[in-house]
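# Understanding the architecture of this molecule
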Amino acid sequence: MDQSRVIKAYRWMLLARTLDERLAQLYRAGQIFGGVFLGKGQEALSVSIGMSLQRHDVFAPLIRDGAGRLAFGETPLDALRTCLGSPLGPMRARDGNVHRGKPKEGYLPMISHLGASISVVNGALMAKRMKGEKHFVGAASIGDGATSTGAFHEALNQAAIERLPLVLVVANNQFAYSTPVASQFACQNLGDRAIGYGVRAHTLDGTDLKSCLEGMREASDLARNGNGPQLVIADLLRLCGHGEHDDAHYVSDSLKASNLGTDCMHLAEQWLQEAYAIKSEQFNLWKEEALKEINEGIEQVQGEGSPDPYHHPWKSLFTRELCEQV
Amino acid sequence: MPQLGESIAEATVIELLVSAGERVDAGQDIIEVETQKATMNVTSPCEGVIESFLVEPGDSYAVGEVLGHVTDTAKDAPSSAQQQDSPKDLPKDAVFESVKPSERQVAPVEHKPASAKIKPTIKGLPVPAHFTGAQYMSPRMKARMHELGLREADLAGVAGSGAGGRVTIQDFERFLTELEQTRLTQASSMRVAVADAMQRSWSRPLATVGQPVCLDPLLKHRSESDPKPGPALYALRALALALSENSATAGRLIGHQIAHPASIDIGFAVEADDGVLVPVIREANRKPLQTMVEEYQQLVEWARMRKLPSHATGRSIATITNFGTFGLTWATPIPLPEQTLVLGLGAGRKVPSWNEEKGVFQPILESEMTLSFDHRVLDGGAAGRLLSRINALMTQPSLL
Amino acid sequence: MSVTYLEAIREAQAYLLEHDSRVYIYGQDVGAFGGAFKATKNLAQRFPERVIDAPISEDAMIGSAVGAAIEGMRPIIEIQFADFSTVGFNQVVNQAATLFWRTETPCPITLRLPSGGTSGGGPFHSQCLESIYAHFPGLVVCTPATVEDAYSMLIESVTLDDPVIFCEHKYLYFHLKAPNLPKDALPIGKARIARAGRDCTIVTYSAMLHECLEAAEELSGEGIELEVVDLRTVKPMDTDTIIASVARTGRLLCAAEGWPWGGVNAEVISRVVAEGFNLLDAPPQRINAKDTPIPYHPKLWSVHRPAAASIIAAARNLLRS
């Protein structure tokens, strides 16, 4: 694999991890409104999704896709702006934390209802096809919990019927909040479901950047080349609480100690050391740069103030004349 | 119940001319009713069978009340007009429209039942006695009346066509149109001010008591005085002294508390333009009669010219009104809204008065004094005692 | 020549497909079959690839419409019966209705909801859901009552850059006819005085308009003149026209096929009382369907929702008060 590509991937992972850690600190210092949700443990998978996509593709990331969002083109500033409630952010402080995106750039903002974004990706893909575009792909990222929703079922089925170039990635991190997978589904492997939908399944080691980069590339290429939807299941462990308000005490030590509990950052660093002879000084340098970038971003965003409720355009329709004044 | 005449709001059922179950023709008389104006008949709306009557002879019902039901059995009963775009095969509910029993369902439609039976009213009343009239005013009515500066009392004669005889906005607008056809002149601001004061005063229960007072001692005293006080001033001074002895009778009831007068300031009514002004003599209890004459005359002059200074009006605790100057022998004056008492003095008349000592009727000059008062603050006894004291003082003018 | 309400809807869609290549129709049975009510008859043949059959997946249908709209298309989603739209409710109110508010990206989708009762329809083929959708910010809700409005308002709905819930009435599909399609029209958001009157204002919409007009004709014979206001659009609501009518008559009756609680009638009355209190000569009244699911048997259905006779009775009560 091309070294620069791997390094790019790692650095995005690092940036995402650093951003997460700083957000967690800000949260504990009481400087964030609402909840904070981290992607710790999922960076390798997420960045691989982002890197399998091109500019004209569509991406619907979910809660723990900080790394993938960066890889798809989001700036740390936009992430920080949304989390810190800056009026200059892409959501203009009307929505916060992980509910962010830029629809016209193919970067879809999630809603809280899990599974709901998959059909939105489908629609975007149908539109691209109707407009005559070629070689495009749409990726939707969900967790094991979302596979239980009706929205997931309807959307995957719809994508299969329409033979859409959808890559549906399930980060099977063993828990949906406190619910273990044993209470989420009864099939042996999530990937077995693909047969039921008439699509192809891929299984990845979600902790291993190499497995993720290769697997995502393969799935994405298959979709892009007209082979219909691809269901990707990545096994890993959530290495943080559901949100920073949650201490995840229900995750057993044995699970944490198992292979599933491997931190993808460490594994990636190991791979870079072994395969590309990256030294520890280089890692430290990268870490410093990441921290510097994030800290400067935080300082900038915190100086942008908060939205003015009295001069806010309280309009819910694009067509102003149809907005009511009741 | 049909509208059997303009401004008729209800009618009394005299007799049911047919029975339930009987066949009737269209237009046949079925109920005899009586209104304030005449006796008339209610007729059947169609050929058919009387299903039921909901009314009874002797009771009154408002215009619009359901009197009964008749089932249409005409052979060619016309179906209700169908518009080209109306839903055709919906089974229809029937209330008053004709029904073919074999074809259509008669689903009983909920409508308001006949309201509680009303006692027949005394004939000749424009608004039936038990009806609401203008007592219930819709928001629209209130707004319109506010706009025009009218109150409920102004609509007293308006018969209402709404439920319970209430005056609807249509009745009101009709009333206004009729009003515009009568000769109208603008009431002066004086007139409006007096009207307002009297209206507000009248919201209390007022009572009047009276006593005749012999004016001869007063007239003798007057003839020996210079300058000469008028009879009203004698009464004013007497009232002031009587009140200074017991000011509670001039107190005002505010809620459950009596507000006592601070200073015995007495006003007296002066006719000015087409209304009345009430100049005030302050601390009339402290000023001997003679010393008030000049002040009194000045105040009368100012009042007639409508140039009373502010210190000479308002904040008085009782009023004197000498309507005797108009030739009235007695009256029931109305106190000012913020006062409990008004003392009226009627015209003097020569009358025979029985002299017990001499055993003969002797001519004396006598006038009726009437005291109107807020009956919430004092009763006949206190009023009588006050009046008696005033009487005593007026017949001993040297005490004034 | 005469055109039915349903044909007007079909013609509007044909017009849109022909003049705007961004428009497509997606729904169950809309393709070769032409739709459950034939609203898309022959359109798939005329416009291949743009009239697409959907699986029974209202959530995915509506979600995909949002995605397509983001990419610049103008999807028309035909939900087979309004009653089934609740399966995709989340996508309507949380995805489509919030997109502009959250991202300033407009969401130009149109959901066609065949609404309202027909004899024997039962609880799940008869619902009127306009007030439920109107409750959520970010949606436009249309309720055309005439053939002309069915045509012009559907075209305008798809042209609008906002999500529109288009509540077309199933009973009117084949029962309502007009001589021609209109050349011009009132815009979405404006109400229409369907019948001028004097004694009482009836505010209504959709199929109830025709029941109200029938009631008005009958009462006219007794010297009572009702003024009938056709809302045309439930949200935004043309409060000005309603208030102006109540200013003329002093009395308000609202007639709707929907259920009572929090329905369109409640909203109209709330606004008139708040903004036109001093125009009212009597308490405003409403007449709604009964507060039960919609019954199946025609006899039960005949009294479940307002009809000309019950509207007449309600109007009489109001005029007597």
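The structure presented is a predicted model; accordingly, all values stated were derived computationally and were not measured. Every chain is numbered independently, its residues counted from 1 as its sequence is written. Working convention: letters from A go to chains and numbers from 1 go to ligands, in the order in which they are written. Per-residue local features of the predicted model are confined to residues with pLDDT of at least 70, and side-chain atom pairs are confined, for both listing and counting, to 80 or more; whole-chain, interface and lining totals are unaffected and use all residues.

A few words on the overall build of chain C. Within chain C, the secondary structure is distributed over twelve helices and 14 strands. The globule rule used for comparison is 2.2 Å times the number of residues to the exponent 0.38, while the radius of gyration itself is calculated over C-alpha atoms. Here the C-alpha atoms of chain C give a radius of gyration of 19 Å, agreeing with the 20 Å that 2.2 N^0.38 yields for 321 residues. Judged by the C-alpha coordinates and their principal axes, chain C covers about 60 × 40 × 40 Å. Contact criterion: two residues are in contact if their C-beta atoms, reconstructed from the backbone, are within 7 Å. For chain C, the share of sequence-separated contacts (at least 6 apart) that also reach a separation of at least 24 residues comes to 79%. For the purposes of this entry, the term helix denotes a DSSP run of H or I that reaches at least four residues, the term strand denotes a run of E that reaches at least two, and both are numbered from the N terminus.

Turning next to the overall build of chain B. Secondary structure summary: chain B contains seven helices and 18 strands in total. For chain B, with 400 residues in total, the buried portion stands at 30%. In this scheme the burial state of a residue depends on its C-beta neighbours within 10 Å: 20 or more other such atoms mean buried, 12 or fewer mean exposed, and anything in between means partly exposed; the C-beta positions come from the backbone.

Let us now look at the interface of chain A and chain C. One frequent convention defines the size of an interface as the accessible area lost when the parts assemble. At the junction of the two partners, chain A supplies 33 residues and chain C supplies 35 residues. The set of elements that each furnish at least two residues to the side of chain A that touches chain C consists of helix 5 (116–131) and helix 6 (150–161) of chain A. Looking at the side of chain A that touches chain C, the element that brings in the most residues is helix 5 of chain A, giving eleven residues. Under this grouping Gly is polar, as are all residues other than the nonpolar Ala, Val, Leu, Ile, Met, Phe, Trp, Tyr, Cys and Pro and the charged Asp, Glu, Lys and Arg. In terms of residue class, the side of chain A that touches chain C is built from 17 nonpolar, ten polar and six charged.

How far a helix is expected to stretch is found by multiplying one less than its residue total by 1.5 Å. The first and last C-alpha atoms of helix 5 (residues 231–245) of chain B sit 22 Å apart over 15 residues, in line with the 21 Å expected at 1.5 Å per residue. Within helix 5 of chain B, the full set of buried residues consists of B:P231, B:A232, B:L233, B:Y234, B:A235, B:L236, B:R237, B:A238, B:L239, B:A240, B:A242 and B:L243.

Below, the discussion takes up the domain arrangement of chain B. In this entry, domain limits derive from an automatic or database-based domain assignment. Domain assignment breaks chain B into domain 1 (1–74 + 91–129), domain 2 (139–180) and domain 3 (205–399). Look at where the C-alpha atoms of domain 2 of chain B and domain 3 of chain B centre, and you get two points 41 Å apart.

As for its placement among the helices and strands, C:M1 is situated in the segment before strand 1 (3–4). Spatially, the C-alpha atom of C:M1 lies 26 Å from that of C:P187, the residues being 186 residues apart in sequence.

A word on the nonpolar core. Joined through C-beta atoms within 7 Å, a set of buried Ala, Val, Leu, Ile, Met, Phe, Trp, Tyr and Cys residues constitutes a nonpolar core. Core analysis: the largest hydrophobic core is formed by 201 residues, its most contacted members being A:M13, A:V232 and C:A315. Per-element accounting of this core gives the leading share, ten residues, to helix 1 (residues 3–28) of chain A. The residues touching A:M13, leaving out its near neighbours within four places in the chain, are A:E43, A:A44, A:V47, A:A67, A:M265 and A:A268. Counting 49 residues, the second-largest nonpolar core is a separate cluster that includes B:Y234, B:A240, B:I266 and B:A303.

Among the two pairs of chains that make contact, the interface with the largest number of contacts is formed by chains A and C. Taking C-alpha atoms only, the smallest gap left between chain A and chain B, which are not in contact, amounts to 22 Å.

The next thing to look at is the environment of A:I142. All names here are of chain A. Tracing the backbone shows I142 in strand 2 (residues 138–143). On the basis of neighbour counts, which here come to 25 C-beta atoms within 10 Å, the residue I142 falls in the buried class. Along the chain, I142 and R129 lie 13 residues apart, while their C-alpha atoms are 24 Å from each other.

Turning our eyes to something else, we now look at the sheet that holds strand 13 (residues 252–255) of chain C. Residue and element names in this part refer to chain C. Strand order in the open sheet formed by five strands is 9-11-10-13-14, and the pairing between neighbours is mixed. Edge positions in the sheet fall to strand 9 (192–195) and strand 14 (285–287), since each has one partner strand and no second. Sheet twist, expressed as the mean angle between neighbouring strand axes with direction ignored, is 25 degrees. Of the strand pairs in this sheet, strand 10 (residues 200–204) and strand 13 are connected by three bridges, and their pairing is parallel. Within strand 13, the position partnered with V203 by the bridge is C254. Whenever a helix is involved, its axis is fitted only over the stretch in contact; in every case the axis is a line through C-alpha atoms, and angles between N-to-C directions fall within 0 to 180 degrees. With respect to the sheet, helix 8 (residues 208–220) is in contact with strand 9, strand 10, strand 11 (226–230) and strand 13, its orientation differing from that of strand 11 by roughly 170 degrees. Set on the sheet, helix 12 (residues 308–320) makes contact with strand 10, strand 11, strand 13 and strand 14; between it and strand 14 the angle comes to about 170 degrees. Any two strands are treated as partners once DSSP identifies two or more bridges connecting them.

Our next topic: the pairing of strand 18 (residues 360–374) of chain B. Put simply, side chains in a regular strand alternate between the two faces of the sheet. Residues and elements named next belong to chain B. Bridging between strand 8 (residues 206–214) and strand 18 involves nine bridges; their strand directions are antiparallel. From the neighbouring strand, T208 faces strand 18, where its bridge partner is S372. When strand 16 (residues 341–345) meets strand 18, the two strands line up antiparallel, connected through five bridges. Of the residues in strand 18, the one forming a bridge with L341 is F373. Sheet topology note: the strand 17 (residues 349–355)/strand 18 ladder contains seven bridges and is antiparallel. Bridge pairing links R349 to E366 in strand 18. Where strand 17 folds back on strand 18, the antiparallel hairpin that results is connected by four residues, among which G359 adopts a positive phi of roughly 70 degrees.

This brings us to the domain arrangement of chain C. Residues and elements named next belong to chain C. In terms of domain boundaries, chain C breaks down into domain 1 (3–178) and domain 2 (192–320). On a C-alpha basis, the centroid separation for the pair domain 1 and domain 2 is 26 Å. Opposite the 25 residues of domain 1 that make contact, domain 2 presents 21 residues. Of all the secondary structure elements, the ones that give two or more residues to the side of domain 1 that touches domain 2 are helix 5 (130–135), strand 6 (140–142), helix 6 (147–159), strand 7 (164–169) and helix 7 (170–175). Here the side of domain 1 that touches domain 2 is built from residues that sort into 13 nonpolar, ten polar and two charged.

What follows is about the sheet that holds strand 7 of chain C. Residues and elements named next belong to chain C. Here we have seven strands laid out as an open sheet, ordered 3-2-4-5-7-6-12, and mixed in their pairing. The sheet is open, and its two borders are formed by strand 3 (51–53) and strand 12 (233–235), each paired with just one other strand. Ignoring strand direction, the axes of neighbouring strands in this sheet form an average angle of 20 degrees. Sheet topology places strand 6 next to strand 7; three bridges connect them, and they run parallel. Bridging across to strand 7, V140 finds its partner in V164.

Our focus in this paragraph is unusual backbone geometry. Trans peptide bonds make up the majority, and among non-glycine residues the majority have a negative phi. A cis amide bond links B:D226 to the next residue, B:P227, at an omega of 0 degrees. With respect to the element layout, B:P227 can be found in the loop between helix 4 (216–223) and helix 5. For the bond from C:K235 to C:P236, the omega torsion is 0 degrees, close enough to zero to count as cis. Counting through the fold element by element, C:P236 comes out in the loop between strand 12 and helix 9 (239–249). At A:H135, a residue that is not glycine, the phi angle is positive and equals roughly 55 degrees. Structurally, A:H135 is set in the loop between helix 5 and strand 2.

To continue, consider the confidence of the model for chain B. All names here are of chain B. Of all residues in chain B, 82% attain a pLDDT of 70 or more, and the chain-wide mean is 83. By mean pLDDT, strand 6 (residues 60–62) is the weakest element of chain B at 78, and strand 16 is the strongest at 97. With pLDDT under 50 throughout, residues 76–122 is counted as low confidence; its partners more than four residues away or in other chains account for 80 contacts. Confidence scores labelled pLDDT are given residue by residue by the predictor and lie between 0 and 100.

All names here are of chain A. Running from amino to carboxyl end, helix 1 crosses helix 10 (residues 264–276) at an angle of 155 degrees, the nearest separation of the two axes being 11 Å. As judged from the angle between their axes, helix 1 and helix 10 are roughly antiparallel. Here helix 1 runs over helix 10; the crossing is left-handed. Of the residues in helix 10, those touching helix 1 at Q3, V6, Y10, M13 and R17 are M265, A268, L272 and Y276. Residue composition of the contact of helix 1 with helix 10, grouped by class: seven nonpolar, one polar and one charged. For classification purposes, angles smaller than 35 degrees are called roughly parallel, those larger than 145 roughly antiparallel, those between 65 and 115 roughly perpendicular, and all remaining angles oblique. Crossing handedness is defined as follows: a turn of the near helix away from the far one that is anticlockwise and smaller than a right angle gives a left-handed crossing, while the clockwise case is right-handed.

Once that is clear, we can look at the confidence of the model for chain C. Residues at a pLDDT of 70 or more form 100% of chain C, whose mean pLDDT is 97. The complex model carries a pTM of 0.78, and its ipTM stands at 0.95.

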